[in-house]
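The residues making up each chain are set out below.
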Amino acid sequence: LPIVPPADVQALAELARRIEARLRRIDLLARFTADAFVVLAPELDRPGATALAEALRAFTVDSPAVLDLTDVRDPLELLVPRIDALLAGARATRA
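Here we summarise the structure given alongside this text. Since the model is a prediction, treat every value here as computed from it, not as a measurement.

Time to look at the overall build of the protein chain. Scanning the protein chain from N- to C-terminus turns up three helices and two strands. Beginning at the N terminus, the succession of helices and strands in the protein chain can be written as α-β-β-α-α. Out of the 95 residues belonging to the protein chain, those deemed buried represent 14%. Of all intrachain contacts in the protein chain linking residues separated by at least 6 positions in sequence, the fraction that spans at least 24 positions is 31%. Total accessible area computed for the protein chain in this model is approximately 6,900 Å², and 60% of it derives from carbon and sulfur atoms.

So this is what it looks like as structure tokens:
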């Protein structure tokens, strides 16, 4: 018998496939936490990133979260807590 992943894993994989279909080839989608994804979208300015976040929000019926990293030169390990705080704030506004 084939090994079938749990339904939640299948659902997240399908959501990821659908989101990736809406991204450009240079964008990167990654699972950030158990229930959140992050999109790295190089070469997008803040209005472009906001438009992308809104399009994905409308698609997933969730809240957009945009962090302007245009002038940031911090290493990724310093950015992750900032992104996590932004996501927590977005979740709090939905509750």
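Counted by the stated rule, this structure contains two salt bridges. In this structure, Asp-27 and Arg-24 form a salt bridge, with 2.5 Å as the shortest nitrogen-oxygen distance. Judged by relative accessible area, Asp-27 falls into the buried class, the value being 11%. We classify Arg-24 as partly exposed; its relative accessible area is 33%. Put simply, Arg-57 and Glu-54 hold a salt bridge, and the shortest N to O gap is 2.8 Å. Of this pair, Arg-57 and Glu-54 both sit in helix α2 (residues 46-60), three residues apart, roughly one helical turn.

In this section: the pairing of strand β1 (residues 28-33). The pairing of β1 with strand β2 (residues 36-40) spans five bridges and is antiparallel. Each residue of the ladder has a partner; that of Ala-30, found in β2, is Val-38. The loop that links β1 with its antiparallel partner β2 comprises two residues.

Parameters at a glance
Residues numbered from 1 in each chain as written. Predicted model: local features only at pLDDT ≥ 70, side-chain atom pairs only at ≥ 80, totals over all residues. Heavy atoms only, no water. Helix = DSSP H or I, 4+ residues; strand = E, 2+ residues; numbered from the N terminus. Buried < 20%, exposed > 50% of the residue type's maximum accessible area, 1.4 Å probe, protein only. Contact = heavy atoms within 4.5 Å. Areas by Shrake-Rupley, 256 points an atom, 1.4 Å probe, with all protein chains shown as cover. Salt bridge = Lys/Arg side-chain N within 4 Å of Asp/Glu carboxyl O. Pairing = 2+ DSSP bridges.

None of this, on its own, says anything about what the molecule does.
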